[in-house]
Amino acid sequence: MTSLYQEAELQRLEDLETLHARLSDTQLQEIVNYLCHGNREVRLQAALVLGRLEHHAAPCIPKIIELLIRTDRYIHFAAIEALGNLGTLVNAHLAQLLALLEHDNWEVRFDVAEVLGNLQIAEHIPQLVELLEDPDARVRLAVVEALGKLGRIATTYIPQVAERQIADRLDDKDPSV
């Protein structure tokens, strides 16, 4: 059951989204502020609205990327969708995004791999390939899916990883390897 307050906040987000091209900096900041709202549904809608604002939301991309390190998976999905919708606008913030590939939380690495796959930019392939050796199988699966979205160009990097993994196993003293 939603409260009247929550419904009013969601309606306000919808109203702001309809302004789209006429959105003022103050109104854009209002949407960004909703990313920290106490209600999960309002935070989710704020992230999705930002993703649909296209180039108008470019200044908000760092805040959307920050959503990937929150503990709420529900919000992670909204951030992934928003970043995917913003496409190449995210490129200006790649350093912030790529730094998260080394985050302690597997879910963050998983989400970043998914975002990079959705962006479908070949320059990300080396960073993704490195994650094929992530200790968490779920992250490795996300990387494989991301590389699959990048298509044939990604296959040129795979032999390097396979060769390195084979060499590591040949040098391993454990007979079960």
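Just so it is clear, the model here is predicted, and its values are computed rather than measured.

> Is there a simple way to think about the overall build of the chain in this case?
When helices and strands are counted, the chain shows 11 helices and 0 strands. Partitioning the intrachain contacts of the chain with sequence separation of at least 6 by distance along the chain shows that 60% fall at a separation of at least 24. Split by element, the accessible area of the chain, about 9,800 Å² in all, is 54% carbon and sulfur.

> Would you mind showing me how to read the packing of helix α1 (residues 4–19) against helix α3 (residues 40–52) here?
Two quantities define a packed helix pair, namely the angle between the axes and the distance from one axis to the other. Put simply, α1 and α3 touch, their axes get as near as 10 Å, and they point 5 degrees apart. What the angle tells us is that α1 and α3 run roughly parallel. Seen from α1, the contacting residues are Q6, E9, L10, L13 and E17; seen from α3, they are E41, V42, Q45, A46, V49 and R52. When its residues are assigned to classes, the contact of α1 with α3 shows 5 nonpolar, 2 polar and 4 charged.

> Could you clarify how one ought to interpret α3 in this entry?
The α-helix winds at 3.6 residues per turn, so residues separated by three or four positions along the chain end up facing the same way. For α3, built from 13 residues, the straight-helix expectation of 18 Å at 1.5 Å per residue is met to within 8% by its first-to-last C-alpha distance of 19 Å. Residues of α3 that are buried include every one of V42, R43, L44, A46, A47, L48, V49, L50 and G51, and no others. Here the buried face of α3 lies against α1, α2 (25–34), α4 (61–66) and α5 (73–86). Sitting at the amino-terminal end of α3 is N39, which places a side-chain oxygen 2.8 Å from the backbone nitrogen of E41. Just downstream of α3, E54 is the residue with a positive phi angle, here 55 degrees.

> Which parts of the structure should I look at to understand the packing of aromatic side chains?
This model, assessed by the stated rule, comprises 1 aromatic pair. Note on W106 and F110: the rings are 6.0 Å apart at their centroids and 85 degrees apart in plane angle, and the pair reads as edge-to-face. With W106 and F110 both in helix α7 (residues 106–119), this residue pair falls 4 residues apart, about one helical turn. The exposure class assigned to W106 is partly exposed, which follows from its relative accessible area of 24%. The ring of W106 is capped by R138, whose NZ or CZ atom sits 3.7 Å from the centre of that ring.

> How should I be thinking about the pattern of salt bridges in this particular structure?
Should the charged atoms of two oppositely charged side chains come close, the side chains can pair. Tallying each qualifying case throughout the model produces 6 salt bridges. A salt bridge links E107 to R73, with the nearest nitrogen and oxygen atoms 3.7 Å apart. Placement of the pair is E107 in helix α7 and R73 in helix α5, with a sequence separation of 34 residues. The exposure class assigned to E107 is buried, which follows from its relative accessible area of 19%. Ionic contacts of the salt-bridge type, sharing partners, join the residues R40, R43 and D72 into one network.

> Looking at this structure, I do not really get the packing of α1 against α2. What am I missing?
Here α1 crosses α2 at 140 degrees, and the two axes come no closer than 10 Å. Between α1 and α2, the crossing angle belongs to the class labelled oblique. Where α1 crosses over α2, the two elements pack in a sense that is left-handed. Residues E9, R12, L13, L16 and L19 of α1 touch α2, and the partners they reach there are Q27, E30, I31 and Y34. Each residue belonging to the contact of α1 with α2 can be placed in one class, and the counts come to 5 nonpolar, 1 polar and 3 charged.

Basis of the calculations
Residues numbered from 1 in each chain as written. Predicted model: local features only at pLDDT ≥ 70, side-chain atom pairs only at ≥ 80, totals over all residues. Heavy atoms only, no water. Helix = DSSP H or I, 4+ residues; strand = E, 2+ residues; numbered from the N terminus. Contact = heavy atoms within 4.5 Å. Areas by Shrake-Rupley, 256 points an atom, 1.4 Å probe, with all protein chains shown as cover. Axes fitted to C-alpha atoms, helices over the stretch in contact; angles between N-to-C directions. Parallel < 35°, antiparallel > 145°, perpendicular 65-115°, else oblique. Nonpolar A, V, L, I, M, F, W, Y, C, P; charged D, E, K, R; others polar. Expected span 1.5 Å × (residues − 1). Buried < 20%, exposed > 50% of the residue type's maximum accessible area, 1.4 Å probe, protein only. Polar contact = N/O pair within 3.5 Å; in protein donor to acceptor, adjacent residues only side chain to side chain. Phe/Tyr/Trp six-rings, centres within 6.5 Å; stacked < 30°, edge-to-face > 60°. Lys NZ or Arg CZ within 6 Å of the ring centre and 35° of its normal. Salt bridge = Lys/Arg side-chain N within 4 Å of Asp/Glu carboxyl O. Left-handed = near helix turned anticlockwise from the far one by under 90°.

Take it as geometry only, folks, not as evidence of what the structure does.
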